[in-house]
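Structural characterization, general
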Amino acid sequence: MGESSSGGTWRRAGFAGAAIGVLAAGAAAGVAVERLTVGRSVRRKARLALDSAGPYGGLRGTPGRALADDGTVLYYEVDEVDEVGDGHGAEVPARLRRLFGRREPAPVTVVFSHGYCLSQDSWHFQRAALRGLVRTVHWDQRSHGRSGQGVTQAGPDAVPVSIDQLGRDLRAVVDAAAPEGPLVLVGHSMGGMTVMAFAEQYPELMRERVSGVAFVGTSAGKLHEVTYGLPVLGVNAVRRILPGVLRTLGAQAELVERGRRATADLFAGLVKKYSFASKDVDPAVARFAERMIESTPIDVVAAFYPAFAEHDKSASLPALRDLPVLALAGDRDLVTPSSHTEAIAALLPDAELVIVPDGGHLVMLEHPEAVTDRLADLLVRAGAVPRPAAGTEPGES
């Protein structure tokens, strides 16, 4: 109606990119500033200021690379206890006593797997809390962060990612970064699904080396039933057309990225709704989360999306019955609702079920201490660190 064909396509791509960045990307971002009370230029300056001032995502460890079975290069970093602990004086023993009730580091490697359209930096607060106390591995899933684009997702014969492929990727990282010793596997959202696929495909390794598992804001299946807090009819209509739309937009990545940048304010407002539930989230934290999803190209969004509708690992979960398991979610998670975490716990009766009040999908950024403390409890239950002596409080030695 009065607009050119190319202009109409560009505008539709912009709004579609914004909407897909919320629904298809698992709503893994936040907004740094309110949009209704200030102008666009002011908001842009505010985002730039937060980008330069925010300390989040700056933790780095010893870098390494693993090779997936299809040739994809997977980037990981290791925080070694000795390396991080040097020069911290009394800080490390004090944190050890607070978290574990002991002075010595835990003889275990904790492997963190992040969610869709995020990166290893999404575990910033947990990484900071555990540095020097436990050996940790943080890796970027294929096509995310510093990892290479999935080899089988590139070129004219590209195929969508499968959750089983992600499980094999995790195995490659474990073999390269933690080839021996006990493991605790931690996964958020898509990362939790990755851990499920790993457990299903490598039962012997699970029995021999894995001491505990933490599922954070994830699902064992039935994601096609999630409404994201929207009317059911509307969501079902979007689901019918979204795979085709994604394929089209994935083939026009440059155009869509231009549109997504142009609709940044709309995008930011929508993703905040789906990332955080509490009203007092630090704007720098929200902007940090927003940057992670902004850095995920639309063709990556397109390549990963079909895997979630097909994901169903509920039949494999009972194999974890003999392991200490943490199942944690925010009570107001609109992306992987807490009912999905409760379903995981129902299949694992001995799992610790934790529903964090006023928590959204990015609960590990929104309520970092609650998540970190529960992970510390899991390490104790997994035998990675001994329980405090009877009558000894965590702050005592």
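Described below are features of the structure shown in this document. (Residues numbered from 1 in each chain as written. Predicted model: local features only at pLDDT ≥ 70, side-chain atom pairs only at ≥ 80, totals over all residues. Heavy atoms only, no water.)

Brief notes about the overall build of the protein chain
Of regular secondary structure, the protein chain possesses 16 helices and eight strands. Counting every position in the protein chain, which comprises 397 residues, the buried fraction comes to 55%. Within the protein chain, contacts between residues separated by at least 24 positions form 82% of all contacts whose residues are at least 6 apart in sequence. As displayed, the protein chain has an accessible area near 16800 Å², and 54% of this comes from carbon and sulfur atoms. (Helix = DSSP H or I, 4+ residues; strand = E, 2+ residues; numbered from the N terminus. Buried < 20%, exposed > 50% of the residue type's maximum accessible area, 1.4 Å probe, protein only. Contact = heavy atoms within 4.5 Å. Areas by Shrake-Rupley, 256 points an atom, 1.4 Å probe, with all protein chains shown as cover.)

Section: the packing of helix H6 (residues 163–177) against helix H7 (residues 190–201)
If you want to describe how two helices pack, look at the angle between their axes and the distance between the axes. Contact geometry of H6 with H7 gives a least axis separation of 7 Å together with a crossing angle of 80°. The angle between H6 and H7 falls in the class roughly perpendicular. Across the interface between the two elements, Ile-163, Asp-164, Leu-166, Gly-167, Arg-168, Leu-170, Arg-171 and Val-174 of H6 pack against Met-190, Met-193, Thr-194, Val-195, Ala-197, Phe-198, Glu-200 and Gln-201 of H7. (Axes fitted to C-alpha atoms, helices over the stretch in contact; angles between N-to-C directions. Parallel < 35°, antiparallel > 145°, perpendicular 65-115°, else oblique.)

Examining the packing of aromatic side chains
A ring pair, where both rings are aromatic, is described by two values, the distance of the centres and the angle of the planes. Counted under the stated rule, the structure contains six aromatic pairs. Residues Tyr-116 and Phe-308 carry aromatic rings whose centres are separated by 4.6 Å and whose planes lie at 50° to one another, so their mutual orientation is tilted. One end of the pair, Tyr-116, is in the loop between strand E3 (106–113) and helix H5 (124–130); the other, Phe-308, is in helix H13 (residues 298–310), and 192 residues separate them in sequence. With respect to burial, Tyr-116 and Phe-308 carry one shared label: buried. The positively charged end of Arg-171 is found above the aromatic ring belonging to Tyr-202, 4.8 Å away from the centroid. We note Lys-273 situated over the ring of Tyr-274; from NZ or CZ to the ring centre the distance is 5.9 Å. (Phe/Tyr/Trp six-rings, centres within 6.5 Å; stacked < 30°, edge-to-face > 60°. Lys NZ or Arg CZ within 6 Å of the ring centre and 35° of its normal.)

A short note on helix H14 (residues 338–347)
Here H14 has its buried residues at Ser-338, His-340, Thr-341, Ile-344 and Ala-345. The arc enclosing the buried residues of H14, seen along the axis, measures out at 155°, which places them on a common side. Against the buried residues of H14 lie H7, strand E6 (210–216), strand E7 (325–330) and strand E8 (352–356). (Arc of directions from axis to C-beta.)

Focus: the nonpolar core
Val-110, Val-184, Val-186, Leu-328 and Leu-365 are the most contacted members of the largest nonpolar core, which totals 37 residues. Those elements that place two or more of their residues in this core are E3, strand E5 (183–188), E6, helix H12 (283–294), E7, E8, helix H15 (363–366) and helix H16 (368–381). Non-local contacts of Val-186, meaning those with residues more than four positions away in its chain, are made with Val-110, Val-111, Phe-112, Ser-113, Trp-123, Val-195, Ala-214 and Leu-375. In terms of nonpolar packing, the next biggest core, distinct from the first, is built from 35 residues, Ala-178, Val-195, Tyr-202 and Ala-327 among them. (Core = buried A, V, L, I, M, F, W, Y, C linked by side-chain atoms within 4.5 Å.)

A word on the environment of Phe-288
One can find Phe-288 in helix H12. With 166 residues separating them along the chain, Phe-288 and Ser-122 place their C-alpha atoms 8.8 Å apart. Not counting residues up to four positions away in its chain, the partners in contact with Phe-288 are Tyr-56, Gly-57, Asp-121, His-124 and Leu-365.

Here's the deal with the pairing of strand E4 (residues 134–139)
Burial of E4 is extensive: six of the six residues sit out of reach of the surface. Both faces of E4 are covered, namely the face carrying Val-134, Thr-136 and His-138 and the face carrying Arg-135, Val-137 and Trp-139. Two strands pair when backbone bridges link them, and strand E2 (residues 73–79) and E4 are joined in this way by four bridges, in the antiparallel orientation. Considered in E4, the bridge of Glu-77 is made with His-138. (Pairing = 2+ DSSP bridges.)

Re the side chain of Ser-338
Residue position: Ser-338 is located in helix H14. For Ser-338, a relative accessible area of 14% translates into the label buried. Excluding anything up to four places from it in sequence, Ser-338 contacts Ala-329, Gly-330, Asp-331, Asp-333 and Ile-355.

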